[in-house]
Amino acid sequence: MRPGRRTGRRTAAMVVLALAAAGCGIRGTSVPVDAGGAPSRVSCKAPASPAPSASASASASASSGTDAGSGSGTDADPASQALVYLVCGSALAQVERAVPPSKADDPRLPTARALLHELQREPSADEEKAGFSTALPRDVKVTGPRDGDPADALRLSIRPEDLPSFALAQLVCTYGASPALGRTHAAVLGGPGDDTAHRYDCSADVLANPDIAENAGWGDPLSEEAEGGAPQQG
């Protein structure tokens, strides 16, 4: 076969391919296309815990009836390490935060308020670099149980079901990991109205996919037995 025929057939084939590409909506280009680098991945690896935030210190002091700035003849207690759950990617992950210990006789409410403040404040630069964020609205407040509530109930200034699903999961799992709150891996939460408080469990499914809370009717109504305590042994 002559070289001229080979070249002609090759040229014809290239024309056919170009027409086919044009018919599929693909624009040809004579220069290299930079598609960009691969998507960056966050580590979700918790950095060292930072110093306690001023808002958490003030909240703990106010709840325990002490003045954070007043001297009492003794050095201030060192901050204790607390686990809080932040958003990382599409899941929740633990980070350690330095939270001032409560001096109140009952540390439940001061601890709940300090942990809420930690969830509401912006992640540190290192936490943000590792991919952490928070979904807790800054205007949410927490108070203790009302008459008729279980002793471990906490009342929020917004109905739990009205919180973003990630925010509610953060709060439940953070409260459920706190020794001062019983380390129950759950939280009993109610809103500002007269609705009954519900128990929200921090399960592995909730940690891996906090969005399921929005679609699964999360939150078990408390039974009369649970509200009144454990049954007495006969």
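What comes next concerns the included structure. (Residues numbered from 1 in each chain as written. Predicted model: local features only at pLDDT ≥ 70, side-chain atom pairs only at ≥ 80, totals over all residues. Heavy atoms only, no water.)

What follows is about the sheet that holds strand β1 (residues 80-88). The three strands lie next to each other as β2-β1-β3, forming an open sheet whose pairing is antiparallel. Here the strands that pair on one side only, and so sit at the sheet edges, are β2 (91-99) and β3 (132-133). Strand direction decides the pairing type here: β1 and β2, joined by nine bridges, are antiparallel. For valine 84, the partnering residue across the bridge sits in β2 and is valine 95. Where helix α3 (residues 108-120) meets the sheet, its contacts fall on β1 and β2, and the angle it forms with β1 comes to roughly 40°. (Pairing = 2+ DSSP bridges. Helix = DSSP H or I, 4+ residues; strand = E, 2+ residues; numbered from the N terminus. Contact = heavy atoms within 4.5 Å. Axes fitted to C-alpha atoms, helices over the stretch in contact; angles between N-to-C directions.)

The next point concerns α3. If you check α3, its first and last C-alpha atoms are 18 Å apart, about what 13 residues at 1.5 Å a residue would give, namely 18 Å. Buried residues dominate α3, accounting for ten of its 13 residues. Among all positions in α3, only Arg108, Pro110, Thr111, Ala112, Ala114, Leu115, Leu116, Glu118, Leu119 and Gln120 are buried. (Expected span 1.5 Å × (residues − 1). Buried < 20%, exposed > 50% of the residue type's maximum accessible area, 1.4 Å probe, protein only.)

Turning to the nonpolar core, a few remarks are in order. Counting 39 residues, the largest nonpolar core has Val172, Tyr175 and Leu189 as the members making the most contacts within it. For this core, the elements supplying multiple residues, two or more each, are β1, β2, α3, β5 (153-156), α5 (165-176) and β6 (186-190). Examining the composition of this core, we find that eight residues originate from one element, α5, more than from any other. Each residue touching leucine 189, except ones within four places of it in the same chain, is listed here: Leu154, Leu156, Pro160, Leu168, Leu171, Val172, Tyr175, Ala197, His198 and Tyr200. (Core = buried A, V, L, I, M, F, W, Y, C linked by side-chain atoms within 4.5 Å.)

One non-glycine residue, arginine 183, lies in positive phi territory at about 45°. Inspection of the secondary structure puts arginine 183 in the loop between α5 and β6.

Another point: the pattern of salt bridges. Taken as a whole and judged by the stated rule, the model has nine salt bridges. One salt bridge connects arginine 159 with glutamate 161, and the closest N-O pair in it is separated by 3.3 Å. Judged by its relative accessible area of 47%, glutamate 161 falls in the partly exposed class. Members of the salt-bridge network, linked through shared partners, are Arg97, Glu118, Arg121 and Glu127. (Salt bridge = Lys/Arg side-chain N within 4 Å of Asp/Glu carboxyl O.)

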